[in-house]
Amino acid sequence: MTETAAPGRVLPHPDRAEIRLEGVLHALSDPVRLRIVRELSTAADELSCSRFDLPVTKSTTTHHFRVLRESGVIRQCYRGTAKMSGLRRDDLDDLFPGLLDALLTAANGQYARLGDDA
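Note that this is a predicted model, so its numbers are computed, not measured. (Residues numbered from 1 in each chain as written. Predicted model: local features only at pLDDT ≥ 70, side-chain atom pairs only at ≥ 80, totals over all residues. Heavy atoms only, no water.)

## Structural notes on the UniProt feature "domain: HTH arsR-type" (unreviewed entry) in the protein
Cut-off, in case you're wondering: UniProt positions are given in the numbering used here, feature names are shortened, and annotations may be inferred rather than shown by experiment. Where helices and strands are cited, they refer to DSSP runs of H or I of at least four residues and of E of at least two residues respectively, numbered from the N terminus.
The positions UniProt marks with the feature "domain: HTH arsR-type" (unreviewed entry) are residues 13–107. What you have in residues 13–107 is 53% helix and 16% strand, and the ends, taken at the C-alpha atoms, are 25 Å apart.

Structure representation (structure tokens):
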């Protein structure tokens, strides 16, 4: 497990070799977490957690980000007081070629059909 943060603000992340397919699939099975990943996938850089407008409480949002981080889908670090999140696309693409693109294509198609609340 690697850790990325300012001194005193350490966030555990799995090493690339520790990321498991079933953990990634579980993390992406929740509509809120999938929405977060969809948004991160289109961002040019890391995004602040506060940037996301999610239909859940702040504590539930924190839970969703933790599940994504602990499964290896995202990497988080503190920049000042902001917790920044970025997709671990390189790691996921190397470990599971084509998986992330296929899931995002399917999720985007579902969104186009049904909307974000589906």
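Back to the write-up after that little detour.
## Re the side chain of Arg 38
Rules: Between N or O atoms, a polar contact is any pair within 3.5 Å; within protein, one atom must be a potential hydrogen donor and the other a potential acceptor, and residues adjacent in sequence are included only when both atoms are from side chains.
Assignment of secondary structure puts Arg 38 in helix α2 (residues 31–42). Within the structure, the side chain of Arg 38 is placed 2.7 Å from the side chain of Asn 108, a separation counted as a polar contact.

## A look at the pairing of strand β5 (residues 82–87)
Formally: For two strands to be treated as a pair, DSSP must find at least two bridges joining them.
Across two bridges, strand β3 (residues 47–48) lies against β5 in antiparallel orientation. Across the sheet, the residue bridging to Ser 48 is Met 84, located in β5. Pairing between strand β4 (residues 74–79) and β5: six bridges, direction antiparallel. By the bridge assignment for β5, Arg 75 is matched with Gly 86. Counted between consecutive antiparallel strands, the loop separating β4 from β5 contains two residues, among which Gly 80 sits at a positive phi close to 65 degrees.

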